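So the chains spell out like this:
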Amino acid sequence: MKALTRQDVELVASVVDESGVVQTLEDAFRRGARGPRGRYNTRTFLIGALLSIPEKGNAHLTSIHETLTRDLPVDLQWHCDARRHDEEGNAKVISKSELENVQKRIQRKLGYGVGTDCSEEERSERAAILESVVFDLLDATLPARCYRSYALDASGIWSWSRFKSGPSSEKGCFDPDAKTGGKTAKSGSAEWFFGYDLHALVRVKDMGKDATNEAILIERVAVTAASTDVVEPSLRLLRSLRDSDEDGRWSDDVEKIDLLVDRHYSYKTDKRWGQSLRGLGVRQHLDLRKDETAFVDYNGMRMVGAVPHCPRTPERLNNLTNPGPAASLAEKNTFRDRVEVRQQWALQRTDGPDVDGEQRYRCPALNGTIGCPLQPGTTEVAVTAGLEIVVDPPTGPDAPVCCSQQKVTIQPNGQTKLVQEHYWGSRKWEKRYSDRTYVEGVFGTLKNRNTECIKRGFIQTVGIEMATFWYGMAAVSFNIRTRRRWSLQQLAEGVELDSDDLFAKPQQTFHGLAHLTEEQRDEIDGNQQTS
C-alpha cells in the first residue's frame, strides 16, 4: 500500500474545497430539518473516500474509516478533521458511525430510486442535485482544454445485490433500481448481468494531434439501470458540457466538437439522436453495422453510410465489410483500398448537414474522381489520370437528377442517422475513429484490481443514488490519479506547468515511516490544541 503524504491529502482536499460540493450536500441535508445545525462531517467523508478508493479498491465505509484513522499520519488526521477535540478537549478520531451517518443522509435526503416516497418533481430535483455534486467534483479535477474531441460509451457494472426472482418476501438482498442487461465479457462474447450502466464522456485528442498534450480524463459520468436507453443520459451529459461556464470547456467560438461513438448509438433514429447532436454543434464519428454496408436506393443513386454514389457504381464495390481488429494487416489494407476506390464514385458534400439533416452533393465526375460522358471533358481527364469511367450512364426523362444537374439535395432519410465527416472505412475515417478506444481504456482502468476496481462489491449497498454517488466518486479518483501522473510525466520531460497547480507540484521525497510512542502522539495532539 502506498504511504499517504501531506501532498496527497492537500491535493484531494483542494479538489473537494474547489468543487463547493460540501455546501451543496449540507444544504440538501438541511432541507426540511428543524432545530440547530448539526455536525455533518461531509468534508472529512469526501476526503477520506477519495484517498481510500484508489488504495483499497472499494468504497466500503470500513476502508474509508481505516484510511482516515490508521493510514494517515496523526498530523494529517488533524488536517482533514479525522482527528479532533471532544467536548472535554481530549483528542479523538472520527468514528465509523459518523461516516455511516453521512451516507445515510445521502440516501435519505437525495434518494430518488423506485422505493423513494416522494413526488416526481422532488425525485427529479434530488437526482439533479446528486448529479451536480459529481459534475462539480469532476470539474475540480479538469484543466482547460486544448482539444475539442470526446469519446462516449457505457459499461455495465454488477449490482451488490444478486438478481432475485419470486416473491419479494423471500430472504436475500434485492436492488429495486437495478435491471438485467447485456454487456461484453472479457472474452469478447456477450453476457447478461444485473446492475447498472456507467456512461462516461472522455476527453480524447483531436485528429492528427499529439495525445500527450492532454491527460485522458473523464469529463462527465451518469449512472442508469442496465438496459436503459442511452439517448437521454448521453444527451444530458453533452448538454451539461455545453452549458458549463468552465474556462476553455466549450466556448461560443467553438463551432463544432467531435464525438466518437460505437454502433449502439448510431442505431438510434436520426430524429432522436442525430438531430439532437447537430443542434448542440456535435459532429459524430461512428462505425457501420454489418447490415448497413450494402447499397440502398435513393432517387436512383446508390447510397451507403448516408453518402450518395453514382447510379453506375460497380457492383463489385457493394457490401464492403470491415474485417475487424483481429484481421491481418494485408486484409485491412485490402479493405481500405477497396473502400477508397468506391469513394471515388461518391458524390462530394458541398453543404450541410443542417440540424434536420438536409445536405447538398456534387457529381463525382465534377470532383475529378471519375470520368463520365455526361460531364464534358471529364472522360479525357480520367483516362489521363488512370481513373475509372462511367459506362452507359443513365439518360432520358427517367434518369436520376444527379445525372442532369451538377448538384443535388439529399433530404432527411433512413440513412441520415449515419452522417459523419469522413467517408466510412477510409484511412482518414480509421485514423479518426480509432481514438474511440480511449474510452474503452478508461473503463478498463476503472475496473482494474490495482486501481479503483469497480466491480461487484465495490460498494456494499444498493440503490440508484448510491450507484450514482460512488461510481461518480470513482471517476473523480481516476481523474486525480491520472492528471497527477500526467503532470509528473510532463515535468520529467521539461515541460513548464503552472507553479500554483497542486497537480503539478514535484513529488515529495518519501523517507519512510516511524512508529509513534504514546508520548509522541500526545505531543502532536497537544500542538494541535495549542494552535
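Residues numbered from 1 in each chain as written. Predicted model: local features only at pLDDT ≥ 70, side-chain atom pairs only at ≥ 80, totals over all residues. Heavy atoms only, no water.

Colleague: Explain the nonpolar core here, please?
Modeller: Generally speaking, soluble globular proteins have nonpolar side chains that are buried together. Ranked by internal contacts, the top residues of the largest apolar core, which has 74 residues, are F45, L46, L198, F458, W470, Y471 and M473. Looking at this core, the element that brings in the most residues is helix 16 (residues 464-492), giving 12 residues. Of the residues that make up this core, three or more belong to each of domain 1 (6-110 + 498-530) and domain 2 (138-286 + 420-472). In this structure, F45 is in contact with L61, I64, L99, V102, Q103, I106, F469 and W470, ignoring residues within four places of it in sequence. (Core = buried A, V, L, I, M, F, W, Y, C linked by side-chain atoms within 4.5 Å. Buried < 20%, exposed > 50% of the residue type's maximum accessible area, 1.4 Å probe, protein only. Helix = DSSP H or I, 4+ residues; strand = E, 2+ residues; numbered from the N terminus. Domains from an automatic or database assignment. Contact = heavy atoms within 4.5 Å.)

Colleague: Whenever I open this one, the packing of helix 6 (residues 96-110) against helix 7 (residues 120-139) confuses me. Can you help?
Modeller: To describe two helices that pack against each other, one gives the angle between their axes and the distance between the axes. Running from N to C, helix 6 and helix 7 point in directions that differ by 140 degrees, and their axes come no closer than 9 Å. Classified by the interaxial angle, the pair formed by helix 6 and helix 7 is oblique. Of the residues in helix 7, those touching helix 6 at I106, R108, K109 and L110 are R126, I129 and L130. For the contact of helix 6 with helix 7, a count of residues per class yields four nonpolar, no polar and three charged. (Axes fitted to C-alpha atoms, helices over the stretch in contact; angles between N-to-C directions. Parallel < 35°, antiparallel > 145°, perpendicular 65-115°, else oblique. Nonpolar A, V, L, I, M, F, W, Y, C, P; charged D, E, K, R; others polar.)

Colleague: What's the story with helix 11 (residues 329-343) in this structure? I'm lost.
Modeller: Helical periodicity: at 3.6 residues per turn, an α-helix aligns residues three or four positions apart in one direction. Taking 1.5 Å as the rise per residue, helix 11 with 15 residues should run 21 Å; its terminal C-alpha atoms sit 21 Å apart, in good agreement. For helix 11, every residue scored as buried is listed here: F335, R336, V339 and R342. Along the axis of helix 11, the buried positions cluster into a sector of 120 degrees, meaning they face one direction only. Of the exposed residues in helix 11, the ones pointing more than 90 degrees away from its buried face are L329 and A330. (Expected span 1.5 Å × (residues − 1). Arc of directions from axis to C-beta.)

Colleague: What is the right way to look at the environment of R302 in this model?
Modeller: Structurally, the position occupied by R302 is in strand 10 (residues 301-304). For R302, a relative accessible area of 19% translates into the label buried. The sequence separation of R302 and K104 amounts to 198 residues, and the corresponding C-alpha distance is 60 Å. Polar side-chain contacts of R302 include one of 2.9 Å to the backbone oxygen of T313. (Polar contact = N/O pair within 3.5 Å; in protein donor to acceptor, adjacent residues only side chain to side chain.)

Colleague: What is the right way to look at the packing of helix 6 against helix 16 in this model?
Modeller: Packing of helix 6 against helix 16 leaves a shortest axis separation of 9 Å and a crossing angle of 125 degrees. Taken together, the axis directions place helix 6 and helix 16 in an arrangement best described as oblique. Both helix 6 and helix 16 take part in a crossing whose hand is right-handed. On helix 16, the residues that touch Q103, I106, Q107 and L110 of helix 6 are E465, M466, F469 and W470. Here the contact of helix 6 with helix 16 is composed, by residue class, of five nonpolar, two polar and one charged. (Left-handed = near helix turned anticlockwise from the far one by under 90°.)

Without other data, these values stay purely geometric and don't point to any function.
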